[in-house]
Amino acid sequence: QGDPMSNECVIRFENLTKRFGDNIANNHIDLEIHKGQIHAILGENGSGKSTIMKILYGLYQPTEGNIYVRGERVRFTSSKQAIEHGICMIHQHFMLVRQMTVFENIISGDARSRGVINKKELVAEIMKISDMFGLQIDPDKYIYQLSVGEQQRVEIVKALYRNAEILILDEPTSVLTKQETFELLRVLRILVDKGKTVIFITHKLEEVLEFADVCTIFRAGKKIGTVLTKDTDKISLSRMMVGRDVVFRVARDEIALGETVLRTHGLSFKNKYGRTVVDNVNLEIRAGEVLGIAGVDGNGQTELSELISGTERPSAGTIELAGEDVTKLSVAQRISKNLSFVPAERNGIGAIGQMSIAENVILRDYHKKPYAKGIVLNREEALKATEKFRNLYEIKLASPDMPAEQLSGGNLQKVILARELNRNPKALVCVNPTRGLDVGAIENVHNSILETRKYGTGVLLISTELEEILSLSDRIAVMFEGRIMGILENKGDLDMDKLGLMMVGAETN
């Protein structure tokens, strides 16, 4: 494609600044986006990358500065105005109505759908777009019948139906499988080859190098630089993102292991369809040990975590915490026995969005000292704990009293991790603890998990990121179709071929 920066400039930000009270989300940004390219906006959680795109899309208003679209100075006060200028944004959480069909979602709100419509003509137009850009969709299917990847395709077709020339995708792969991610990359390449422009908001270094032609790096609200991806690498990008070198493999010290803190025996679980998704699982974790669960996503790992935390009850088998049978105990009772849990689902399970950050910080222990003075909440101690975690985990928040749902996904994850890790638990169950976090935060979390081993915590780590399992685990249990295929010592001579075979269900000896 040559130098993508030589193409026509379609978006230009000039001295763009956005303040939320005392917080500067975007700090005097100058940035150009050129036609026919995939331009990644890379940055840590809270770095301002989504904010500047929401300004472009008319969802926020700038405090200072100017925006130019194809040379014309604009100031959008609604997304409708942005769409009229050929700009569409596909949000991280899709804006589709689940009870409506694909066709109804695509035409909804468009001028052509007012009054009497000719469905045959509109469907033909939609399918022409679908075929042109390799976006296979079924107009008559309901949204609730579609996979996440299929829903994303509907969002893209909906944008193209509105004559989008510039597509903004906010963390588009955060909910996709690897195959769906590969499919998205194929579609984006077709889009730019046909002259469209894609702005790709992400915190994932690998995706930038794989997807993008150009990358602009944000840090703490400032633009750090713009580079051609063919001229950079993972180390250079991470250094620009976090302002220092990032260690991708953390040092895992040898620790003398203590007594068994978590044990499952014959643990099984049938889901609501009667299918056995956890099948006779026997695991043992000792104080100071990290046991990683490796496996292709969807092989019973999530259900295993739910059984141990108490959100689901087993069909058979037992769970012991520090030698005590807790199989029939509730979630609250297991917490009182010093079990900590970082679930896969942040909102609603890991945190309560409508409650303040300070309230979420003390959620597990609000009824104990120092947070409780008899039946009265000690607000000062709650605020003190929040400030401690804020500094320790570099959580970006405007106020401890703001609702947790207003935090970015990565910062909310840091709040949950800080709360669970700092309870000094006997056992800690972590499910995808760094999903949605940037590289700097990942390093911080990994070090925190390893640090908690020194205090005698046994950690069950469930992650779809094999690199994370390899980096943190002392032993690795491989799970396939609900069964443990085997447990490997994670030493320097770990047989990766054997591990890979076990993950796809092959019996090895």
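Coordinates for the structure precede this section.
Residues numbered from 1 in each chain as written. Predicted model: local features only at pLDDT ≥ 70, side-chain atom pairs only at ≥ 80, totals over all residues. Heavy atoms only, no water.

Colleague: Honestly, the overall build of the chain in this entry has me stumped. Any pointers?
Modeller: When its secondary structure is counted, the chain shows 16 helices and 22 strands. Taking 2.2 N^0.38 as the reference for a compact globule, 509 residues should give roughly 23 Å; the C-alpha atoms of the chain span a radius of gyration of 25 Å, in line with that estimate. Overall, the chain is about 70 × 50 × 50 Å in size when its C-alpha atoms are taken along their principal axes. For the chain, restricting intrachain contacts to residue pairs at least 6 apart in sequence, the fraction spanning at least 24 positions comes to 67%. Of the side chains in the chain, 65 bear a positive and 68 a negative charge, and the two mean positions are spaced by 4 Å. (Helix = DSSP H or I, 4+ residues; strand = E, 2+ residues; numbered from the N terminus. Rg over C-alpha atoms; globule rule 2.2 N^0.38 Å. Contact = heavy atoms within 4.5 Å. Lys, Arg positive; Asp, Glu negative; His and termini not counted. Charge placed at Lys NZ, Arg CZ, Asp CG, Glu CD.)

Colleague: Is there a simple way to explain the sheet that holds strand 5 (residues 72–74) in this structure?
Modeller: Whether parallel or antiparallel, the strands of a sheet pair through hydrogen bonds between backbone atoms. The strand order 2-1-4-5 describes an open sheet built from 4 strands, whose pairing is antiparallel. Each end of this open sheet is capped by a strand with a single partner; those strands are strand 2 (23–34) and strand 5. Adjacent strand axes in the sheet meet at a mean angle of 25 degrees, parallel and antiparallel pairs treated alike. Pairing of strand 1 (residues 9–20) with strand 4 (residues 64–69) involves 5 bridges; the strand directions are antiparallel. Residue pairing across strands places Thr17 opposite Glu64, the latter belonging to strand 4. On top of the sheet, helix 1 (residues 49–56) reaches strand 1, strand 2 and strand 4; it is set at about 115 degrees to strand 1, its chief contact. (Pairing = 2+ DSSP bridges. Axes fitted to C-alpha atoms, helices over the stretch in contact; angles between N-to-C directions.)

Colleague: Would you mind going over the side chain of Asn360 with me for this structure?
Modeller: Counting through the fold element by element, Asn360 comes out in helix 11 (residues 357–361). Judged by its relative accessible area of 0%, Asn360 falls in the buried class. Not counting residues within four places of it along the chain, the set of residues in contact with Asn360 comprises Ala351, Ile352, Met355, Ala404 and Arg419. (Buried < 20%, exposed > 50% of the residue type's maximum accessible area, 1.4 Å probe, protein only.)

Colleague: Sorry if this is basic, but what is going on with the packing of aromatic side chains here?
Modeller: For any pair of aromatic rings, geometry is given as the distance between the ring centres together with the angle between the planes. Taken as a whole and assessed by the stated rule, the structure comprises 3 aromatic pairs. Relative to Tyr144, the ring of Tyr142 has its centre 5.6 Å away and its plane inclined at 20 degrees; by these criteria the two rings are stacked. The ring centre of Phe20 lies 5.0 Å from the NZ or CZ of Lys18, which sits over that ring. (Phe/Tyr/Trp six-rings, centres within 6.5 Å; stacked < 30°, edge-to-face > 60°. Lys NZ or Arg CZ within 6 Å of the ring centre and 35° of its normal.)

Colleague: Please clarify how the packing of helix 13 (residues 409–421) against helix 14 (residues 439–453) should be interpreted in this entry.
Modeller: The axes of two packed helices give the description: the angle between them and the distance between them. The interhelical angle for the contact between helix 13 and helix 14, taken along N-to-C directions, is 10 degrees, at an axis separation of 11 Å. Comparing the axis directions of helix 13 and helix 14 gives the class roughly parallel. Each of Lys414, Leu417 and Leu421 in helix 13 lies in contact with helix 14, whose residues at this interface are Ala441, Val445, Ser448, Ile449 and Thr452. Taken together, the residues of the contact of helix 13 with helix 14 break down into 5 nonpolar, 2 polar and 1 charged. (Parallel < 35°, antiparallel > 145°, perpendicular 65-115°, else oblique. Nonpolar A, V, L, I, M, F, W, Y, C, P; charged D, E, K, R; others polar.)

Colleague: Would you take a moment to explain the environment of Ile29 for this structure?
Modeller: Positionally, Ile29 belongs in strand 2. Ignoring any residue separated from it by four or fewer positions in sequence, one finds Ile29 in contact with Phe13, Glu14, Asn15, Leu16, Ile52, Phe218, Gly221, Lys222 and Lys223.

Colleague: Looking at this structure, how should I read the sheet that holds strand 6 (residues 87–90)?
Modeller: With mixed pairing, 6 strands are arranged side by side in an open sheet as 6-7-8-3-9-10. If you trace the sheet from one side to the other, it starts and ends with strand 6 and strand 10 (222–228), each paired once. Pairwise comparison of adjacent strand axes, ignoring direction, gives a mean angle of 20 degrees for this sheet. Inspection of the sheet shows strand 6 paired to strand 7 (residues 166–170) by 4 bridges, in the parallel sense. Counterpart to Cys88 in the pairing with strand 7 is Leu167. Packed on one face of the sheet, helix 1 meets strand 3 (38–43), strand 6, strand 7, strand 8 (197–202) and strand 9 (214–219) and runs near 145 degrees to strand 8.

Colleague: Got a minute to help me understand the side chain of Ser268 in this structure?
Modeller: Residue placement: Ser268 occurs in strand 11 (residues 260–270). Of the residues examined, Ser268 reaches a relative accessible area of 13% and is grouped as buried.

Colleague: Explain the pattern of salt bridges here, please?
Modeller: Pairing between side chains of opposite charge can happen when their charged atoms approach one another. Applying the stated criterion across every chain yields a total of 23 salt bridges. Linking Lys234 and Glu206 is a salt bridge whose minimum nitrogen-to-oxygen distance equals 3.1 Å. Remark: Glu206 occurs in helix 7 (residues 205–211) and Lys234 occurs in helix 8 (residues 234–242); sequence separation between them is 28 residues. Residue classification places Lys234 among the partly exposed positions, given a relative accessible area of 28%. (Salt bridge = Lys/Arg side-chain N within 4 Å of Asp/Glu carboxyl O.)

Colleague: Any chance you could explain the pairing of strand 4 here in plain terms?
Modeller: Remember that side chains alternate between the two faces of the sheet whenever the strand is regular. As defined by bridge partners, strand 4 adjoins strand 5 across 3 bridges and the pair is classed as antiparallel. Directly across from Val69, in strand 5, lies its bridge partner Glu72. The loop that links strand 4 with its antiparallel partner strand 5 comprises 2 residues; one of these, Arg70, has a positive phi angle of about 50 degrees.

Colleague: What should I look at first to understand helix 1 in this one?
Modeller: Residues spaced three or four apart along an α-helix face the same direction, because each turn holds 3.6 residues. With 6 of 8 residues buried, helix 1 is to be regarded as a mostly interior element. For helix 1, the set of buried residues is Lys49, Thr51, Ile52, Met53, Ile55 and Leu56. One or two steps after helix 1, the chain reaches Gly58, where phi turns positive at roughly 85 degrees.

Colleague: Just checking my understanding: could you explain the nonpolar core for this structure?
Modeller: Buried together is how nonpolar side chains tend to be arranged in soluble globular proteins. Core analysis: the biggest nonpolar cluster contains 48 residues, and Ile156 and Leu188 have the highest contact counts within it. Not counting residues within four places of it along the chain, the set of residues in contact with Ile156 comprises Ile90, Leu135, Leu167, Leu184, Val187 and Leu191. Val415, Ile416, Ala441 and Val445 belong to the second-largest nonpolar core, a separate cluster that totals 45 residues. (Core = buried A, V, L, I, M, F, W, Y, C linked by side-chain atoms within 4.5 Å.)

Colleague: Looking at this structure, I do not really get helix 8. What am I missing?
Modeller: Looking at helix 8, one finds that the buried residues are Leu237, Ser238, Met241 and Val242. Taken end-on, helix 8 shows its buried residues confined to a sector of 110 degrees, consistent with a single buried face. Of the residues flanking the start of helix 8, the one acting as N-cap is Asp233, its side-chain oxygen 3.3 Å from the backbone nitrogen of Ile235. Within two residues after helix 8, Gly243 carries a phi angle of roughly 80 degrees, on the positive side. (Arc of directions from axis to C-beta. Polar contact = N/O pair within 3.5 Å; in protein donor to acceptor, adjacent residues only side chain to side chain.)

Colleague: Looking at this structure, how should I read the environment of Met53?
Modeller: By the element assignment, Met53 lies in helix 1. Sequence separation between Met53 and Glu394 is 341 residues, and the spatial gap between their C-alpha atoms is 24 Å.

Colleague: Would you explain the environment of Ile126 in this entry?
Modeller: Within the secondary structure, Ile126 is located in helix 4 (residues 119–132). A relative accessible area of 0% means that Ile126 is categorised as buried.

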